[in-house]
Amino acid sequence: AQSVTQPDIHITVSEGASLELRCNYSYGATPYLFWYVQSPGQGLQLLLKYFSGDTLVQGIKGFEAEFKRSQSSFNLRKPSVHWSDAAEYFCAVVSSGNEKLTFGTGTRLTIIP
Amino acid sequence: NAGVMQNPRHLVRRRGQEARLRCSPMKGHSHVYWYRQLPEEGLKFMVYLQKENIIDESGMPKERFSAEFPKEGPSILRIQQVVRGDSAAYFCASSGGSSYNEQFFGPGTRLTVL
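Position numbers for residues start from 1 in each chain and track the written sequence from start to end. By the order in which they are written, chains take letters starting at A while ligands take numbers starting at 1. Given that this is a predicted model, residues contribute local features only at a pLDDT of at least 70 and side-chain atom pairs are listed and counted only at 80 or more, while totals for whole chains, interfaces and linings are drawn from all residues. As a convention, hydrogens and water are excluded, and side-chain values are obtained from all of the structure's heavy atoms.

Caption draft 1: Structural view of the interface of chain B and chain A. Taken together, the 21 residues of chain B in the interface contact 20 residues of chain A. Surface buried jointly by chain B and chain A totals about 1,700 Å² across both partners, of which 48% is contributed by carbon and sulfur atoms. Criterion for a salt bridge: a side-chain nitrogen of Lys or Arg within 4 Å of a carboxyl oxygen of Asp or Glu. The interface formed by chain B and chain A contains two salt bridges. Residue K49 of chain A pairs with E102 of chain B through a salt bridge whose shortest N-O separation is 2.4 Å. Pairs of N or O atoms within 3.5 Å make up the polar contacts considered here, provided that, within protein, one atom can donate a hydrogen while the other can accept it, and that residues adjacent in sequence are counted only when both atoms are side-chain atoms. Where chain B packs against chain A, one counts six residue pairs in polar contact (both at pLDDT 80 or more). Strands here are runs of E lasting at least two residues and helices are runs of H or I lasting at least four, both read from the DSSP assignment and numbered beginning at the N terminus. Only β4 (31-37) and β5 (43-50) of chain B provide two or more residues apiece to the side of chain B that touches chain A. The residue classification treats Ala, Val, Leu, Ile, Met, Phe, Trp, Tyr, Cys and Pro as nonpolar and Asp, Glu, Lys and Arg as charged. All others, Gly included, are polar. Here the side of chain B that touches chain A is composed, by residue class, of nine nonpolar, six polar and six charged. Contact between two residues is taken to exist if any of their heavy atoms lie within 4.5 Å; hydrogens are not considered. Note: buried area is the sum, over both parts, of the accessible area (probe 1.4 Å) each one loses when the two are combined.

Written out as structure tokens, the structure reads:
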């Protein structure tokens, strides 16, 4: 069965600093990978996705993620965070023909001035 | 183009009552998914439906929960005889059309069971 691990429950970063959120997945074939962001009391917004092709994926709000098959990872990065980036971030995977998303437990990002 | 709509946004029920959660997918989307988010946890898949068909209900509790997506109208997630453990945020997502495999999420319904 596919699974997603986000090892960091909570990360605190200074505004303007760089950010990397970790995501590891377990799946036999090439998965479809996603990063979603959830602000408090809100729904999920898609930041970026990887289906195939270039392993470095650009998303909205200045985020990017890199698919590394050898490490089964899909880490999310941003070179300089803004206070508005404070939110919960979820990594998710879906297998072709399966349709259902499997989510990690999320990483809560706090931004300090 | 309106996004995925869910109503109500907040729902309060007493133990033993029924809860009905509605989801209208994005225009052109024929696939609907329901997920549940318990406090301090990630989202868990519940059920996947297409029009008039349940495709995958492997995440649905065996009792009290049911879902439908009729030919006309929104998808409904129904919880009978609610218990306090049903308190959670319930999210609907839809996919289809030109963005196959990408799921677009609604704002969620936050169910509180007293």
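Caption draft 2: View of the side chain of Q38 of chain A. As for its position among the elements, Q38 of chain A is in strand β5 (residues 32-38). Under the relative-accessibility criterion, Q38 of chain A is labelled buried at 9%. In terms of polar contacts, Q38 of chain A uses its side chain to reach the backbone carbonyl oxygen of Q42 of chain A, at 3.0 Å. A distance of 3.1 Å separates a polar atom in the side chain of Q38 of chain A from a polar atom in the side chain of Q37 of chain B. Ignoring any residue separated from it by four or fewer positions in sequence, one finds Q38 of chain A in contact with G43, L44, A87, E88 and F90 of chain A together with Q37, F91 and R110 of chain B. When accessible area is computed with a 1.4 Å probe and restricted to protein chains, residues below 20% of their type maximum are described as buried, those above 50% as exposed, and intermediate ones as partly exposed.

Caption draft 3: The environment of A17 of chain A, seen in detail. Residue and element names in this part refer to chain A. Note on placement: A17 falls in the loop between β2 (10-14) and β3 (19-21). Here the alpha-carbon distance between A17 and V81, two residues 64 residues apart in the chain, equals 5.8 Å. Apart from the residues lying within four places of it in its own chain, the contact partners of A17 are K78, P79, S80 and V81.

Caption draft 4: Region of interest: the pairing of strand β10 (residues 87-94) of chain A. Residues and elements named next belong to chain A. The buried count for β10 comes to eight of eight residues, which makes it a mostly enclosed element. At least two DSSP bridges between two strands are needed for those strands to be called paired. The sheet contact formed by β5 and β10 spans seven bridges and is antiparallel. From the neighbouring strand, Y36 faces β10, where its bridge partner is F90. Taken together, the three bridges between β10 and strand β12 (residues 107-112) define a ladder with antiparallel strand orientation. The partner of E88 across the bridge, within β12, is R108.

Caption draft 5: Molecular detail of the state of the cysteines. In what follows, a disulfide is any cysteine sulfur pair within 2.5 Å. Across all of its chains, the model carries two disulfides over all chains by this definition. In this model C23 of chain A forms its disulfide with C91 of chain A; the gap between the sulfur atoms is 2.0 Å. An S-S torsion of about -65 degrees defines the bridge between C23 of chain A and C91 of chain A as left-handed. In this pair, C23 of chain A sits in the loop between β3 and β4 (24-26) while C91 of chain A sits in strand β10, placing the two residues 68 residues apart along the sequence. Sulfur-sulfur distance for the disulfide between C23 of chain B and C92 of chain B comes to 1.7 Å. In this structure, the disulfide formed by C23 of chain B and C92 of chain B twists by about -50 degrees around the S-S bond and is classed as left-handed. With C23 of chain B in strand β3 (residues 19-24) and C92 of chain B in strand β9 (residues 88-95), the pair connects residues that are 69 residues apart, well separated along the chain. Across this residue pair, the class does not change: C23 of chain B and C92 of chain B are buried.

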